[in-house]
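Residue-level structural notes
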Amino acid sequence: MSTLITGAAVLRGSRILTKERQEERLRDIAELVAAELDPDELARIQNPDQMDESYFRLINKRLVAITESSNRPRLKGIKYVYIVRKVKGKPMDRYSSYAVVVDGTAPTEEGFLAPGQIMPTSDSTDALHRVWEAKQFVIDRHFVKDQWGTWLSGYLPLEKRDGSFEAVLGIDIDAESINEERLHILMHLMRGFGVGLVLILPGVVLFGRRLARPLQQIEHRHQALSSLDLEGPEMNSPIEAQWIQEIHAINRSLQKMQGALGAFSRYVPVDLVRRLVIGDGSMCLDGETRELAIMFSDIVGFTSLSENLTPKETLSLLNEYFEIFDRTSKETNGTLDKYIGDAAMVFWGAPEPVPNPALQCLEAALRCDREIQMLNKTWHLKGFKVTFETCFGLDFGEVVVGNIGSNDRVNYTIVGARVNLCSRLEHQNRVYGTRVLATRSFIDSLGPHKNNYTIVKVDVCRLRGFHQSVEVFEIRGHYTQSSPEERHFADVVEKIWSRPRGLDATKDIELLDSLPNRYQQIPYIRQLRNCRTPPHSSVNIRDSGKASERD
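Everything numeric in this text was worked out from a predicted model, so none of it was measured. (Residues numbered from 1 in each chain as written. Predicted model: local features only at pLDDT ≥ 70, side-chain atom pairs only at ≥ 80, totals over all residues. Heavy atoms only, no water.)

Okay, the overall build of the protein chain next. Per the secondary structure count, the protein chain includes 18 helices and 14 strands. Long-range contacts, defined as pairs at least 24 residues apart, comprise 63% of the intrachain contacts of the protein chain with a sequence gap of at least 6. Surface summary for the protein chain: the accessible area is close to 30100 Å², and the carbon and sulfur share equals 52%. (Helix = DSSP H or I, 4+ residues; strand = E, 2+ residues; numbered from the N terminus. Contact = heavy atoms within 4.5 Å. Areas by Shrake-Rupley, 256 points an atom, 1.4 Å probe, with all protein chains shown as cover.)

So, in structure tokens, the structure goes:
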């Protein structure tokens, strides 16, 4: 009788363990995929006409890649990945309550559902109905049968920035792979059961109870390390049963790995470290061509500033200063490539794709500019007579990104003419009396978002080392935060640049004279005035004093 009871317990345990592992696996995959999505952008996808938009293609490609990688152990059995929302208004019937946002099937394949199409459900549909009230990840209680097969599905709400959600990410695992895993677990349990039954069943049961908890803790800690979650609760909770030598040794190894990965991720972009950890760990010398947004920054006159500081003070101030760049690049999904003395180089769009990379880059530059000014004020209050005046150069274009170096020393970085151009552009701020300069390519890549900023054309110049001329623009801040005087300044400069040179020089000079003096003293405005003044003109050229501070 006891044998039958124990056998039944093993059978039930295999079911529970299988479902727990599938739920944990589905949740991990769903959260990893959701981290790369922008629910606010997804909310704009409503109909099939939007399938040609870059963001739809990016997400569709990412979801397709997951289903195509189902032969990998972690993704085994995954057949469909998709994003759905509730249909607007009253559904036609109880099987037509949900519409597709992005299907994880290639658009060219049979069965692909375009945005806005109904995703049919069945009588056994479970978790998809519950997720809207649960507002957290849920999994089907039982297998779901529909026109595509038999599945176990999990759904994760995709929260927008305001905390609400209108769409969920769904992942389907086919029943066959689950049954295979359950059979695999059951066979292992039965072998252990047989040995324990014949030999030391009571001791195995007692010891197993004491051993299960620390082994589970070790598994959770290993999973956290695999996803580079180095600060999660799994990494800080003490592991029990360390009196067992093997568990103690495993715990020490995990602690060393945690420290090494933490240090490694401070020298190398975290996304790149995650790729190495999740992949096979190899790093070969190669690269790929991508269109990226690039930002260079530098402190004006840093050498002379540092002469008045001790080396320790210089290091302390620079560490505070670069903390702004590190934090801002992470918050905007950028990759902080390197620090070059007092300069920083950041790019957006690699190693992982980023929606609207130029927009993220611009927001990062403006945020850094604002926070650096606040940091200067803090230093003044602390008695440091130092001001870090920082200039930024922004560009968007095609570069080579990848592992570059030698077999013994590798750097994940970007190279190409656009990188050199961006560096040269940053230095031009000193010539024009500006803080944030961008190229025409960068402005165009903003698309309609450029209307949200005060952008002023500065010059058409030829940068050192380049034969072709480059259109240069100053980005002065967010348009909604600019004053009427600031907007008038931008309009005046735009009007002048919109007319051919020499068409109406007197009108151009009159427009410039209408500006407040602090704008007239900006170096690139003085240059524009000189260029628009005809030869032998009696128009007065104002004194070319130093550029005044902008508000």
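Alright, that's what it looks like, and here's the rest.
Mapped onto the elements of the fold, R529 is located in helix α18 (residues 523-532). Owing to a relative accessible area of 7%, R529 belongs among the buried residues under this scheme. (Buried < 20%, exposed > 50% of the residue type's maximum accessible area, 1.4 Å probe, protein only.)

What follows deals with unusual backbone geometry. With omega at 0°, the peptide bond leading from A350 into P351 counts as cis. Mapped onto the elements of the fold, P351 is located in the loop between β9 (343-348) and α12 (357-381). The backbone phi angle of K135 is positive, close to 60°, even though this residue is not glycine. Among the structural elements, K135 can be located in the loop between α4 (127-134) and β3 (138-139). With a relative accessible area of 57%, K135 lands in the exposed category.

End to end, helix α11 (residues 311-331) covers 30 Å across 21 residues, agreeing with the expected 30 Å (1.5 Å per residue, within 8%). Within the span of α11, buried status applies to T314, L317, L318, Y321, F322, I324, F325, T328 and S329. On its buried face, α11 is in contact with β7 (286-299), α10 (302-306), β8 (335-340), β9, α12 and β10 (390-405). (Expected span 1.5 Å × (residues − 1).)

What follows is about the packing of helix α15 (residues 484-498) against α18. Running from N to C, α15 and α18 point in directions that differ by 30°, and their axes come no closer than 12 Å. Relative to α18, α15 is oriented so that their crossing is left-handed. Between α15, through F489, V493, I496 and W497, and α18, the contact on the second element is made entirely by Y524, I525, L528 and R532. Of the residues contributing to the contact of α15 with α18, the split by class is seven nonpolar, no polar and one charged. (Axes fitted to C-alpha atoms, helices over the stretch in contact; angles between N-to-C directions. Left-handed = near helix turned anticlockwise from the far one by under 90°. Nonpolar A, V, L, I, M, F, W, Y, C, P; charged D, E, K, R; others polar.)

In this fold, D395 is placed in strand β10. Given a relative accessible area of 0%, D395 falls into the buried group. Within the structure, D395 has its side chain in polar contact with the side chain of T439 (distance 2.6 Å). With residues near it in sequence (within four places) discarded, D395 still touches L292, A293, I294, R418, L421, C422, T439, S441 and F442. (Polar contact = N/O pair within 3.5 Å; in protein donor to acceptor, adjacent residues only side chain to side chain.)

We now examine the pairing of strand β13 (residues 453-461). It is a general feature of regular strands that their side chains alternate between the two faces of the sheet. Counting buried positions along β13 yields seven of nine residues, so the element is predominantly enclosed. For β13 and strand β14 (residues 470-478), the ladder comprises eight bridges, and the chain directions are antiparallel. Residue D459 lies in a different strand from β14, and its bridge partner there is V472. (Pairing = 2+ DSSP bridges.)

Glancing now at the nonpolar core. Of all hydrophobic cores here, the largest spans 39 residues; its most connected members are M295, Y321, F325, F388, L394, F442 and I475. For this core, the secondary structure elements donating two or more residues are β7, α11, β9, α12, β10, β12 (436-439), α14 (440-445) and β14. Considering every element that reaches this core, the biggest residue donor is α12, with eleven residues. Other than its neighbours up to four places away in sequence, F388 contacts I299, F302, L305, L317, L318, Y321, I372, N376 and W379. Grouped together as the second largest cluster of nonpolar side chains are 29 residues, I29, Y55, A114 and I173 included. (Core = buried A, V, L, I, M, F, W, Y, C linked by side-chain atoms within 4.5 Å.)

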